[in-house]
Amino acid sequence: MDIGVPKETRARERRVGLTPSGVQTLVHHGHRVWVETGAGERSGYPDQEYSAAGATIAYGRQEVLVRAALVASVFAPEPREFADLPSGQTIFAFWALPSARRDDLDVLRERGVTAIGVEAMEDAQGRSPIMRAMSEIAGPIAVTVGAGLLLNAFGGKGILLGGAPGVPPAHFVVVGAGTLGRTAARIASELGANVMLLDRDVERLRDALRETGHRVETLVSTPPNLEKALSFADVALCAVAEHGRRAPIVVTREMLRKMRPRSVLMDLSIDMGGCCETSRPTEFPDPVYEAEGIRHFCVPNLPSIASRSSTLAWTNVSLPWLLEIASLGAEAAIARSSELSAATYLWRGRVAMPSLAEAFRLPCEPLPQADRG
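Residues numbered from 1 in each chain as written. Predicted model: local features only at pLDDT ≥ 70, side-chain atom pairs only at ≥ 80, totals over all residues. Heavy atoms only, no water.

Participant: Teacher, can you tell me more about the side chain of S318 here?
Facilitator: Relative to the assigned elements, S318 resides in helix α10 (residues 307-328). In this structure the side chain of S318 is engaged in a polar contact, spanning 2.9 Å, whose partner is the backbone oxygen of W314. Discounting residues that sit within four places of it in the chain, S318 has contacts with G17, F92 and I130. (Helix = DSSP H or I, 4+ residues; strand = E, 2+ residues; numbered from the N terminus. Polar contact = N/O pair within 3.5 Å; in protein donor to acceptor, adjacent residues only side chain to side chain. Contact = heavy atoms within 4.5 Å.)

Spelled out as structure tokens, the structure:
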């Protein structure tokens, strides 16, 4: 199968859909991979490494998109490119189609595109494999950034995250015990911070205690408990999400007013709208603003600032599914894989995901089934 790896076009996106080693694996299995020139530069992978891995370097984005039967990218092509996509093409990427414009969705349907949204993938335990991998990258980044924002040189209160002999550590509050929150809580506790983790789900809190060796305190996330925890936080990291929906607002402006002045609030739910009433997207090199006396850090797509590590993690998780699609064909791969079928928004242009059908009031058609014969 011809597989295309285009250069990402989203602003501040530095990742790429496959590492050279991922390309080499696909080539080894008999597939041809087209990589747009410069696609891996921002992740530290030059064209020469892709060529050495067996890829064909394409010197135009259109060539990659037109030649490929399967596109492997971080984000899907831009809406302006939809009309030029080959009929029947399969695209494995972040799509978020329920929030798309109806006109753009109609173009994809007309082109007969199969759209597999990595954000909607779920395994048998209800976990999102690629999102989990990205959260495992974002958690340590957030702790590193949060520790820096406490220092005077970066406008902070002059507090060392882990303290020192005779010097108390910072209070690090994490709201949301998903993968990102648990990872951040574990890293912060290992660095010596006094960590409080809140979530509505007691089972998640139990998991967090096991993962951290009971080095963190836990609280059920109710408004009174959240308000109390925030009142003594030096850093509050918010990682609240609802699968496939906008993040709920859990931190109100009134709660912020009870926090210590110049404390740091990191809203890592900002990709899904943010979970703090005062949050708005920010970006480097000026990622912090102040509201109600609290310093806000709300940078979307945080894994992209560790693009090489993130690309490697992305490839590790996505490659088995890409190989399955390339080797079996999209129809057989989707029929055999519950993860791929859960993530298929469009199948040859037909709406296959109930949430997408509901969002646009369109009929939802069944996906192909595996041959049981």
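Structure shown, so let's carry the discussion forward.
Participant: How should the sheet that holds strand β10 (residues 235-238) be read in this particular structure?
Facilitator: One key point about sheets: their strands pair by backbone hydrogen bonds, in either a parallel or an antiparallel sense. Sheet architecture is open: seven strands sit in the order β9-β8-β7-β10-β11-β13-β12, paired in mixed fashion. Each edge of the sheet is formed by a strand with only one pairing partner; in this case those strands are β9 (217-220) and β12 (288-291). Sheet twist, expressed as the mean angle between neighbouring strand axes with direction ignored, is 20 degrees. Sheet topology places strand β11 (residues 264-267) next to strand β13 (residues 294-297); three bridges connect them, and they run parallel. The residue bridging V264 from the neighbouring strand is R295, located in β13. (Pairing = 2+ DSSP bridges. Axes fitted to C-alpha atoms, helices over the stretch in contact; angles between N-to-C directions.)

Participant: How should the pairing of β9 be read in this particular structure?
Facilitator: Regular strands show a simple pattern: their side chains alternate between the two faces of the sheet. Examined bridge by bridge, strand β8 (residues 194-199) and β9 share four bridges and lie parallel to one another. Counterpart to D199 in the pairing with β9 is V220. In this view, the connection linking β8 to its parallel neighbour β9 by way of helix α7 (residues 202-212) has right-handed handedness. (Right-handed = clockwise from strand over helix to strand, strands pointing away.)

Participant: What's the story with the packing of helix α1 (residues 20-28) against α10 in this structure? I'm lost.
Facilitator: Between two packed helices, both the angle of their axes relative to each other and the distance between the axes serve to describe the pair. Where α1 contacts α10, the two axes come as close as 10 Å, and the packing angle between them is 20 degrees. Here α1 is positioned roughly parallel relative to α10, judged by the angle of their axes. As for the relative orientation of α1 and α10, their crossing is right-handed in sense. Packed against α1, whose contacting residues are G22, T25 and L26, the element α10 presents T315, L319, L322 and L323 at the interface. Classifying every residue of the contact of α1 with α10 by side-chain character gives four nonpolar, three polar and no charged. (Parallel < 35°, antiparallel > 145°, perpendicular 65-115°, else oblique. Left-handed = near helix turned anticlockwise from the far one by under 90°. Nonpolar A, V, L, I, M, F, W, Y, C, P; charged D, E, K, R; others polar.)

Participant: Can you help me understand unusual backbone geometry in this one?
Facilitator: The general pattern is negative phi for most residues beyond glycine and trans for most peptide bonds. At the junction of F284 and P285, the peptide bond is cis and its omega measures out at 10 degrees in the coordinates. Looking at where P285 falls in the secondary structure, it is placed in the loop between β11 and β12. You will see that N301, though not glycine, has its phi angle at about 55 degrees, which is positive. Along the chain, N301 falls in the loop between β13 and α10. Judged by its relative accessible area of 18%, N301 is buried. (Buried < 20%, exposed > 50% of the residue type's maximum accessible area, 1.4 Å probe, protein only.)

Participant: Please clarify how a nonpolar patch on the surface should be interpreted in this entry.
Facilitator: A cluster of nonpolar side chains, L151, F154 and L160, forms an exposed patch at the surface whose accessible area comes to about 290 Å². For L151, the position within the fold is in the loop between α5 (129-149) and β7 (171-175). (Patch = residues over 30% accessible without salt bridge, like charges linked within 9 Å, V, L, I, M, F, W, Y side chains within 5 Å. Areas by Shrake-Rupley, 256 points an atom, 1.4 Å probe, with all protein chains shown as cover. Salt bridge = Lys/Arg side-chain N within 4 Å of Asp/Glu carboxyl O.)

Participant: Whenever I open this one, α1 confuses me. Can you help?
Facilitator: For an α-helix, 3.6 residues make a turn, and residues three or four places apart therefore share a direction. Buried within α1 are the following residues: P20, G22, V23 and L26. Angularly, the buried residues of α1 cover 155 degrees about the axis, an arc narrow enough to put them on a single face. Looking one or two residues past α1, G30 carries a phi angle of roughly 95 degrees, positive in sign. (Arc of directions from axis to C-beta.)

Participant: I keep staring at the side chain of T278 and nothing clicks. Help me out?
Facilitator: Assignment of secondary structure puts T278 in the loop between β11 and β12. Residue classification places T278 among the buried residues on the basis of a relative accessible area of 8%. Apart from the residues within four sequence positions on either side, T278 is in contact with R253, L256, Y289, A291 and H296.

Participant: Before we go on, may I ask you to explain the packing of α5 against helix α6 (residues 179-190) in this structure?
Facilitator: Between α5 and α6, the shortest axis-to-axis distance is 8 Å and the interhelical angle comes to 35 degrees. The way α5 lies across α6 gives a crossing that is right-handed. Residues R132, S135, E136, A138, G139, P140 and V143 of α5 pack against T179, L180, T183, A184, I187 and A188 of α6. Class assignment for the residues of the contact of α5 with α6 results in seven nonpolar, four polar and two charged.

Participant: Just checking my understanding: could you explain the state of the cysteines for this structure?
Facilitator: Note on terminology: a disulfide is the covalent bond linking the sulfur atoms of two cysteines. Under the criterion given, the structure shown has zero disulfides. We note that C238 lacks a disulfide partner, and the nearest cysteine sulfur, in C275, lies 4.3 Å from it. A relative accessible area of 0% places C238 in the buried class. (Disulfide = S-S within 2.5 Å.)

Participant: Sorry if this is basic, but what is going on with the packing of aromatic side chains here?
Facilitator: In this description, a pair of aromatic rings is defined by centroid distance and the angle of the planes. Taken as a whole and assessed by the stated rule, the structure comprises four aromatic pairs. Each member of the aromatic cluster is reached from another via a ring pair, and the members are F75, F94 and W314. The residue whose ring lies beneath R280 is Y289, and the NZ or CZ to ring-centre distance is 3.8 Å. (Phe/Tyr/Trp six-rings, centres within 6.5 Å; stacked < 30°, edge-to-face > 60°. Lys NZ or Arg CZ within 6 Å of the ring centre and 35° of its normal.)

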